[in-house]
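# Structural overview
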Amino acid sequence: MTLRIGNASGFYGDRFDAMREMLTGGELDVLTGDYLAELTMLILGRDRLKDPGAGYARTFLRQLEECLGIAHERGVKIVTNAGGLNPGGLAGKIRQLADRLGLPVRVAHVEGDDLTARYPGTLAAHAYLGGFGIAACLREGADVVVTGRVTDAALVTGPAAAHFGWQPGEYDRLAGAVVAGHVLECGTQATGGNYAFFGEGDVHRPGFPLAELHADGSSVITKHDGTGGFVDVGTVTAQLLYETGGARYAGPDVTARLDTVRLTQEGPDRVRIEGVRGEAPPPALKVGLNRLGGFRNEVTFVLTGLDIEAKAALVRQQMSSAWAKSPPAEARWDLVRTDRPDAPTEETASALLRLVVRDPDQETVGRALSGAAVELALASYPGFHVLAPPGKGAPYGIFEAVYVPQDAVEHVAVLHDGRRIPVAPAHDTRVLDDVPEPPLPEPLPPGPARRAPLGLLAGARSGDKGANANVGVWVRDDAAWRWLVHELTADRFRELIPESRELPVTRHVLPRLRALNFVVEGILGEGVAARHRFDPQAKALGEWLRSRHLDIPEALL
């Protein structure tokens with residue numbers, strides 16, 4: 001018996017017509033949508049400050065306007081975390097929509113994740129719940145299930161547990177569903193989007209993925225026929241490595257062992273996932289805290305032609321003098337050398353000097369900065385101009401992860417008829433620790449090498465987890481793996497990525513995926529909402545790594 005679960009959203013703002021495309025493009029049993037991320041929780045928190053009835057993903061409700069009838073007609077269940085900070089509010093809106101459309105749709109929601117009252121000074125504090133609240137709603141006949149903060153994979157483990165009758169403690173089955181859910185959660189990243197080897201398929205408009213789940217926890221990742229993109233072992237490997245750490249991938253219901261995953265290309269656009277082992281979950285739940293950190297502003301000065309370094313030094317000195325009486329709490333300057341000598345266009349003759357300021361006071365980063373920058377227009381380096389004048393300063397957020405005991409959270413399934421079903425915490429837990437590094441294969445024998453970019457051989461995908469970044473790197477054959485695992489150590493990673501040289505870098509080895517996963521602690525400052533660096537979510541950190549040159553054996557090139 002196969003359960004077909006699709007995905008129609010990887011983030012708040014994803015392709016609007018994906019829901020209709022997934023519902024009409026082929027057979028489905030369940031359609032999921034992931035709308036939440038660390039930054040999204042901050043955005044929804046600010047929405048709720050303006051309107052206590054807000055706090056959910058409004059685009060989801062608009063999608064249902066045209067798709068709820070299709071889902072009902074085709075018997076497709078919908079499961080989404082679009083409830084954000086207000087799952088009960090969104091569930092009520094969906095009931096109103098169903099009544100207006102004349103559809104007998106049963107809507108349930110999951111609550112208990114909101115711990116904001118326990119953390120004074122936070123804008124939003126939410127525990128990451130598991131999938132058994134979703135399962136309880138579906139077992140009681142819900143057609144639509146709305147959640148707040150659950151783990152992304154819970155959108156798949158919940159329907160799978162309901163459909164197959166899985167109970168807590170069936171760790172291998174649950175772990176298989178977690179892995180499938182992790183592949184689906186970011187939508188088109190599993191079908192060729194953001195993929196290192198994107199030139200190997202048509203990714204102009206990749207379709208959204210779906211998983212065919214089986215009762216033993218194994219699955220096949222695929223997509224609807226006729227949609228764009230492609231699914232192969234590489235696209236699935238890339239997504240498996242995305243925003244993970246070591247071999248143990250922990251969640252509220254189970255810890256999945258990523259070092260046990262086996263991937264097989266079963267056919268065109270079909271990758272089988274099997275062999276996943278599971279362990280008891282950790283005793284604590286992760287809680288994401290979002291709070292306002294102050295105000296930030298930025299301005300980018302354009303430096304053209306000769307004497308780039310001297311021009312940058314001049315404007316830095318002038319700006320520092322202008323705010324000498326009331327400097328911002330933090331000022332960060334970055335000179336980006338996009339210029340070329342003897343350039344054929346003005347753009348390619350120009351470098352960018354980016355200034356980012358942060359302070360608890362909006363005036364300090366707003367009008368004071370704007371005035372200082374604008375007043376230099378006729379009094380600074382030759383060719384002075386900026387990409388855009390600075391604004392009045394915008395609030396920024398800070399993300400922090402804390403942990404609470406599983407039994408400290410009241411996980412509740414709220415059914416369509418108002419009944420409330422408590423969901424018990426995990427009855428068995430295991431303290432999370434790292435898996436010892438597995439035995440490494442023999443290195444390649446010595447031979448001629450050529451200086452070349454790592455990306456000629458290896459793929460990579462990177463992302464953020466709070467203040468940390470992860471970079472997954474994989475290769476596609478055993479010979480390349482024998483070279484990579486010995487060459488790309490944590491120390492070599494620090495050499496290639498200078499920003500990481502003073503930071504803790506941990507390497508995790510995943511031989512079955514021929515992959516290494518690096519976690520760089522603190523490189524993102526206080527998280528994506530604080531916008532600490534040029535690439536605040538580390539989305540392109542992996543591509544930077546692939547562009548760096550190493551001595552690669554000629555036999556592999």
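Below you will find a few notes about this structure. Values in this document were obtained by computation on a predicted structure and should not be read as measured data. (Residues numbered from 1 in each chain as written. Predicted model: local features only at pLDDT ≥ 70, side-chain atom pairs only at ≥ 80, totals over all residues. Heavy atoms only, no water.)

Right, let's get into the nonpolar core. Residues Leu213, Val236, Val261 and Ile273 are the most contacted members of the largest nonpolar core, which totals 74 residues. Apart from residues no more than four positions distant in its own chain, Leu213 is found in contact with Met1, Thr2, Leu3, Ile5, Val156, Ala160, Phe164, Ala177, Ala180, Ser218 and Ser219. (Core = buried A, V, L, I, M, F, W, Y, C linked by side-chain atoms within 4.5 Å. Buried < 20%, exposed > 50% of the residue type's maximum accessible area, 1.4 Å probe, protein only. Contact = heavy atoms within 4.5 Å.)

Our focus in this paragraph is the sheet that holds strand 9 (residues 248-250). Reading across from one edge, 9-10-13 is the order of the three strands in this open sheet, with antiparallel pairing throughout. For this open sheet the edge positions go to strand 9 and strand 13 (277-279), each flanked by a neighbour on one side alone. Pairs of neighbouring strands in the sheet enclose a mean axial angle of 30°, with direction left out of account. Relative to strand 10 (residues 255-257), strand 9 runs antiparallel, the two being bridged by three bridges. Along strand 10, the bridge assignment pairs Ala250 with Thr255. Sheet strands touched by helix 7 (residues 171-184): strand 9, strand 10 and strand 13. Its angle to strand 13, the strand with the most contacts, is close to 110°. (Pairing = 2+ DSSP bridges. Helix = DSSP H or I, 4+ residues; strand = E, 2+ residues; numbered from the N terminus. Axes fitted to C-alpha atoms, helices over the stretch in contact; angles between N-to-C directions.)

Next up on the list: the packing of helix 5 (residues 132-139) against helix 6 (residues 154-164). Two numbers describe a pair of packed helices, the interaxial angle and the distance between the axes. Their axes nearest at 7 Å, the elements helix 5 and helix 6 cross at an angle of 45°. Considering the angle they form, helix 5 stands oblique to helix 6. Classified by chirality, the crossing of helix 6 by helix 5 is right-handed. Between helix 5, through Phe132, Ile134, Ala135, Leu138 and Arg139, and helix 6, the contact on the second element is made entirely by Ala154, Leu155, Gly158, Pro159, Ala161 and Ala162. By residue class, the composition of the contact of helix 5 with helix 6 is nine nonpolar, one polar and one charged. (Parallel < 35°, antiparallel > 145°, perpendicular 65-115°, else oblique. Left-handed = near helix turned anticlockwise from the far one by under 90°. Nonpolar A, V, L, I, M, F, W, Y, C, P; charged D, E, K, R; others polar.)

Once that is clear, we can look at the side chain of Arg4. The topology assignment puts Arg4 in strand 1 (residues 3-7). At 2.8 Å, the side chain of Arg4 forms a polar contact with the backbone oxygen of Glu27. Leaving out residues up to four positions away in the same chain, Arg4 has contacts with Glu27, Leu28, Asp29, Val30, Leu210, Ala211, Glu212 and His224. (Polar contact = N/O pair within 3.5 Å; in protein donor to acceptor, adjacent residues only side chain to side chain.)

What follows deals with the sheet that holds strand 1. What the 11 strands build is an open sheet, ordered 11-12-8-7-1-2-3-6-4-19-20; its pairing is mixed. One side of each edge strand has no neighbouring strand; the edge strands of this open sheet are strand 11 (262-267) and strand 20 (420-423). Averaged over neighbouring strand pairs, the angle between their axes works out to 20° when direction is ignored. Relative to strand 7 (residues 209-213), strand 1 runs antiparallel, the two sharing four bridges. Looking at the pairing, Leu3 lines up with Leu213 of strand 7. Across the face of the sheet, helix 4 (residues 87-101) comes into contact with strand 4 (107-111) and strand 6 (144-146) while running at roughly 175° to strand 4.

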